[in-house]
Amino acid sequence: MSQELDFKKLQHKTYQDYHQDGLIDIIIGLGFIGFGLNMAFDNYAFLFMGWLPIIFYVPFKNRLTVPRIGYVKFHASNKIVYGLVISILLIIMAGLFIFFIGGPNIISEEMQDWLSKYYMLILGIVAALCFLGAGLLTKITRLYAYALLLLVTFAAGTWLDVHPAVYVIFTGLLIEAVGIWLMIRFLRKYPLPAQENAHE
């Protein structure tokens, strides 16, 4: 029984270390930055370029993480990618609901005015719930902090009547900074084995 508990603790620690490389944070940050730049310049190329790195998550993981801590296959190792994709789809669906369901023949003008004023806050709440769900699913606790960050920045931006692009990009930059810091710390904590360094 004791050995089983020790194994579970070791498995949990290894799983946490496996996701401490900051890669997913950098990808999320780029996604928010791309979304914000799209809102600022009305150019979908920014949105596309912002979320494009997600398709390289596994190759980057194999290149950056696996050589340092080895290949680790968890029962939920791919859940974070699936969760992120589902989160993006949910946010898009919420946006489509707000912009297309709110037609003049379906809801009142007062409700349309309310949606036009608070639609970004609604998107922020949906995104925060997605981060919360992803955190519960993957046990990556910093996703809870991102959920809180989204609620705070989107609520403050709406209350202060700031252009949405500003607080979306600001949120992305904060997450990006955390990701870069985690990656630097990870690279220092887990340097490549001497044999790998010799080849490179």
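Counting restarts for each chain: residues are numbered from 1 in the order of the written sequence. Totals for whole chains, interfaces and linings use all residues, but because this is a predicted model, local features are given only for residues with pLDDT of at least 70 and pairs of side-chain atoms are given and counted only at 80 or more. To get the side-chain values, take all heavy atoms of the structure and skip hydrogens and water.

Peer 1: Which parts of the structure should I look at to understand the overall build of the protein?
Peer 2: Helical segments are the DSSP runs of H or I of at least four residues, strand segments are the runs of E of at least two, and each set is numbered from the N terminus. Looking only at helices and strands, the protein has 10 helices and 0 strands in total. Beginning at the N terminus, the succession of helices and strands in the protein can be written as α-α-α-α-α-α-α-α-α-α. Here the term buried applies to any residue with accessible area under 20% of the maximum for its type, exposed to any over 50%, and partly exposed to those in between, with areas from a 1.4 Å probe on protein chains only. Among the 200 residues that make up the protein, the fraction classed as buried is 40%. Of the contacts made within the protein by residues no fewer than 6 positions apart, 75% connect residues no fewer than 24 positions apart. Throughout, a residue-residue contact means that at least one pair of heavy atoms, one from each residue, lies within 4.5 Å.

Peer 1: Any chance you could explain the packing of aromatic side chains here in plain terms?
Peer 2: Both the distance between ring centres and the angle between the ring planes are used here to describe each pair of aromatic rings. The rule is short: rings of Phe, Tyr and Trp, with Trp giving its six-membered ring, pair when the centres are within 6.5 Å, and they are stacked under 30 degrees, edge-to-face over 60, tilted in between. A complete count under the given rule lists 6 aromatic pairs for this structure. Aromatic side chains Phe131 and Tyr146 sit 6.2 Å apart centroid to centroid with 80° between the ring planes, which places their arrangement in the edge-to-face category. Pair noted here: Phe131 is in helix H7 (residues 109–138) and Tyr146 is in helix H8 (residues 142–159), with a separation of 15 residues, a long-range link. No difference in accessibility class separates Phe131 from Tyr146, as the two residues are buried. Aromatic side chains Phe186 and Tyr190 sit 5.1 Å apart centroid to centroid with 50° between the ring planes, which places their arrangement in the tilted category.

Peer 1: How do you make sense of the environment of Val178 when you look at a structure like this?
Peer 2: For Val178, the location among the structural elements is in helix H9 (residues 164–189). Take Val178: its relative accessible area is 31%, and that puts it in the partly exposed class. Residues Val178 and Arg142 lie 36 residues apart in sequence; the distance between their C-alpha atoms is 9.9 Å. Dropping the residues within four chain positions of it, Val178 is found in contact with Asp25 and Tyr146.

Peer 1: What exactly am I supposed to notice about the packing of helix H2 (residues 23–41) against helix H4 (residues 57–64) here?
Peer 2: Helix-helix packing is described using two parameters, namely the angle between the two axes and the distance between the axes. Every axis corresponds to a line fitted to the C-alpha atoms, with the helix fit spanning only the stretch in contact, and the corresponding angles, defined between N-to-C directions, vary from 0 to 180 degrees. With their axes 10 Å apart at the nearest point, H2 and H4 run at an angle of 145° to one another. Relative to H4, H2 is oriented so that their crossing is right-handed. Where H2 approaches H4, its residues Leu23, Ile24 and Ile27 are matched on the opposing element by Tyr57, Phe60 and Lys61. Crossings are classed by handedness, with left-handed meaning an anticlockwise turn of the near helix from the far one by less than a right angle and right-handed meaning a clockwise turn.

Peer 1: Help me understand the nonpolar core in this model?
Peer 2: In globular proteins that are soluble, nonpolar side chains generally tend to be buried together. Working definition of a nonpolar core: buried Ala, Val, Leu, Ile, Met, Phe, Trp, Tyr and Cys residues. They are joined through side-chain atoms within 4.5 Å. In this structure, Ile28, Phe32, Met120, Phe131, Leu143, Leu150 and Phe154 are the most contacted members of the largest nonpolar core, which totals 27 residues. Taken together, the elements giving at least two residues each to this core come down to H2, H4, H7, H8 and H9. At 7 residues, H7 tops the list of elements feeding residues into this core. Excluding its chain neighbours within four sequence positions, the residues that come into contact with Leu150 are Phe32, Gly124, Ala127, Ala128, Phe131, Ala155 and Thr171.

Peer 1: Would you take a moment to explain the pattern of salt bridges for this structure?
Peer 2: Oppositely charged side chains may form a pair once their charged atoms are brought near each other. One side-chain nitrogen of Lys or Arg within 4 Å of one carboxyl oxygen of Asp or Glu is enough to make a salt bridge. According to the stated counting rule, one finds 2 salt bridges in the structure shown. One salt bridge in this structure joins Asp21 and Lys61, with 2.8 Å as the shortest N-O distance. Linking Asp21 in the loop between helix H1 (2–18) and H2 with Lys61 in helix H4, this pair joins segments that are 40 residues apart in sequence. Judged by its relative accessible area of 3%, Lys61 is buried.

Peer 1: I would appreciate a short explanation of the side chain of Glu176 in the present structure.
Peer 2: Along the chain, Glu176 falls in helix H9. Buried Glu176, no salt bridge; nearest opposite-charge side chain is Arg142, N-O distance 12 Å. Lys and Arg are tallied as positive, Asp and Glu as negative. Neither His nor the chain termini are counted.

Peer 1: Help me out: how do you make sense of the packing of H8 against H9 in this one?
Peer 2: The contact between H8 and H9 brings their axes to 9 Å, and the two run at 155°. Comparing the axis directions of H8 and H9 gives the class roughly antiparallel. As for the relative orientation of H8 and H9, their crossing is right-handed in sense. In contact with Arg142, Tyr146, Leu149, Leu150, Thr153, Phe154, Gly157 and Thr158 of H8, H9 contributes Tyr167, Val168, Phe170, Thr171, Leu174, Ile175, Val178 and Leu182. Any angle that is under 35 degrees is reported as roughly parallel, and any over 145 degrees as roughly antiparallel; angles of 65 to 115 degrees are reported as roughly perpendicular and all others as oblique.

Peer 1: Where do I start with unusual backbone geometry in this structure?
Peer 2: Phi is positive for Asp42, close to 55°, though the residue is something other than glycine. Despite not being glycine, Asp161 shows a phi value in the positive range, around 60°. Within the secondary structure layout, Asp161 lies in the loop between H8 and H9.

Scope: geometric values only; no functional claims are made or implied.
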